[in-house]
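# Structure at a glance
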Amino acid sequence: MIEGTRDPVSMNIGGTIRGYRLQKGMSQGDIEKRTGLLRCYLSRVENGHTVPSLETLQKIAGALELPLSQFFADESVSHEMATMNLSESEIRFLTQVQRYSAHLSDSDRKLLLAMVRKFASSTLS
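These notes cover the structure that comes with them. From a predicted model like this one, the values you see are computed outputs, not experimental measurements. (Residues numbered from 1 in each chain as written. Predicted model: local features only at pLDDT ≥ 70, side-chain atom pairs only at ≥ 80, totals over all residues. Heavy atoms only, no water.)

## Considerations on the overall build of the protein chain
Operational definition: Secondary structure counts use DSSP, requiring at least four H or I residues in a row for a helix and at least two E residues in a row for a strand, with both numbered from the N terminus. A 1.4 Å probe rolled over the protein chains alone gives each residue an accessible area, and that area as a share of the maximum for its type sets the label: buried under 20%, exposed over 50%, partly exposed in between. By the convention used here, residues are in contact when the closest approach between their heavy atoms is within 4.5 Å.
Check the secondary structure of the protein chain and you find 7 helices and 0 strands. Counting from the amino terminus, helix and strand elements in the protein chain follow one another as α-α-α-α-α-α-α. Evaluated residue by residue, the protein chain yields a buried proportion of 34% over its 125 residues. Taking as baseline every contact in the protein chain between residues at least 6 positions apart, the subset at least 24 positions apart corresponds to 61%.

## Re the side chain of Arg-21
As for its position among the elements, Arg-21 is in helix H1 (residues 8-23). In contact with Arg-21, other than residues within four places in its own chain, are Met-26, Ser-27, Gln-28, Ile-31, Glu-46 and Leu-64.

## Describing helix H3 (residues 39-46)
Applicable threshold: What the arc covers is the set of directions going from the helix axis to the C-beta atoms.
Those residues of H3 lying buried are Tyr-41, Leu-42, Val-45 and Glu-46. Projected down its long axis, H3 carries its buried residues within an arc of 135°, all on one side. Downstream of H3 by one or two residues, Gly-48 has phi in the positive range, about 80°.

## So, the pattern of salt bridges
Note the cut-off: Any carboxyl oxygen of Asp or Glu that lies within 4 Å of a side-chain nitrogen of Lys or Arg is treated as forming a salt bridge with it.
As enumerated under the stated definition, the model contains 4 salt bridges in all. The shortest N-O distance in the salt bridge between Arg-21 and Glu-46 comes to 2.7 Å. Of this pair, Arg-21 sits in helix H1 while Glu-46 sits in helix H3; the two residues are 25 residues apart in sequence, bridging distant segments of the chain. Note on Glu-46: relative accessible area 4%, which makes it buried. A salt bridge links Glu-65 to Arg-34; the nearest nitrogen and oxygen atoms lie 3.9 Å apart. Of the two residues, Glu-65 sits in the loop between helix H4 (54-63) and helix H5 (75-82) while Arg-34 sits in helix H2 (residues 28-35), which places them 31 residues apart along the sequence.

## Thoughts on the nonpolar core
In plain terms, the rule: Here the nonpolar core consists of buried residues drawn from Ala, Val, Leu, Ile, Met, Phe, Trp, Tyr and Cys, with membership extended through side-chain atoms lying within 4.5 Å.
Ile-17, Ile-31, Leu-57, Ile-60, Leu-64 and Phe-71 are the most contacted members of the largest nonpolar core, which has 19 residues in total. Taken together, the elements giving at least two residues each to this core come down to H1, H3 and H4. With 5 residues, the top contributor of residues to this core is H4. Those residues in contact with Ile-31 that lie beyond four places of it in its chain are Arg-21, Met-26, Gly-36, Leu-42, Ala-63 and Leu-64.

## Observations concerning a nonpolar patch on the surface
Our working definition: A residue counts toward a patch only above 30% relative accessible area and without a salt bridge, and it is joined to like-charged neighbours within 9 Å or, for Val, Leu, Ile, Met, Phe, Trp and Tyr, to nonpolar neighbours within 5 Å. Only the protein chains shown count as cover for residues, with accessible areas throughout obtained via the Shrake-Rupley method and a probe of 1.4 Å.
Taken together, the side chains of Phe-93, Leu-94, Val-97, Leu-112, Leu-113 and Val-116 define a hydrophobic patch exposed on the protein surface, amounting to about 470 Å² of accessible area. Along the chain, the position of Val-116 falls in helix H7 (residues 106-124). By relative accessible area, Val-116 is classed as partly exposed at 45%.

## A word on the side chain of Thr-50
To be explicit about the condition: Each polar contact in these results corresponds to two N or O atoms within 3.5 Å; when the atoms are within protein, one needs to be able to donate a hydrogen and the other to accept it, and residues that are neighboring in sequence are counted only if both atoms are side-chain atoms.
Mapped onto the elements of the fold, Thr-50 is located in the loop between H3 and H4. You can call Thr-50 buried: its relative accessible area is 7%. Within the local environment of Thr-50, its side chain forms a polar contact with the side chain of Arg-44, the two groups lying 3.2 Å apart.

Structural data, given as structure tokens:
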């Protein structure tokens, strides 16, 4: 999914962000000060009009003093993300993969995943 598109998952993430922000008694302005992201952008994210990149989600999570995995409702995804400890460069890389793969067909995604598996297995040998 690329920034600017809508789907039910993005609306869930936006609502989740809003919930944690309100739970911590913070305003969108507080998040803006901590991240440099504009209040109007944060509003669009919270209302499901914009899908943030992983890099942006990491900034918001940092501002809320939460691990990035907190934003994911599915417990299995949340648990998997919590154990990953991604660096900033890894998040940037995954964000690029997300952007480039957003419009691929299912067969092209499967091919891409097979290629990544092949690269990974060849570097482990």
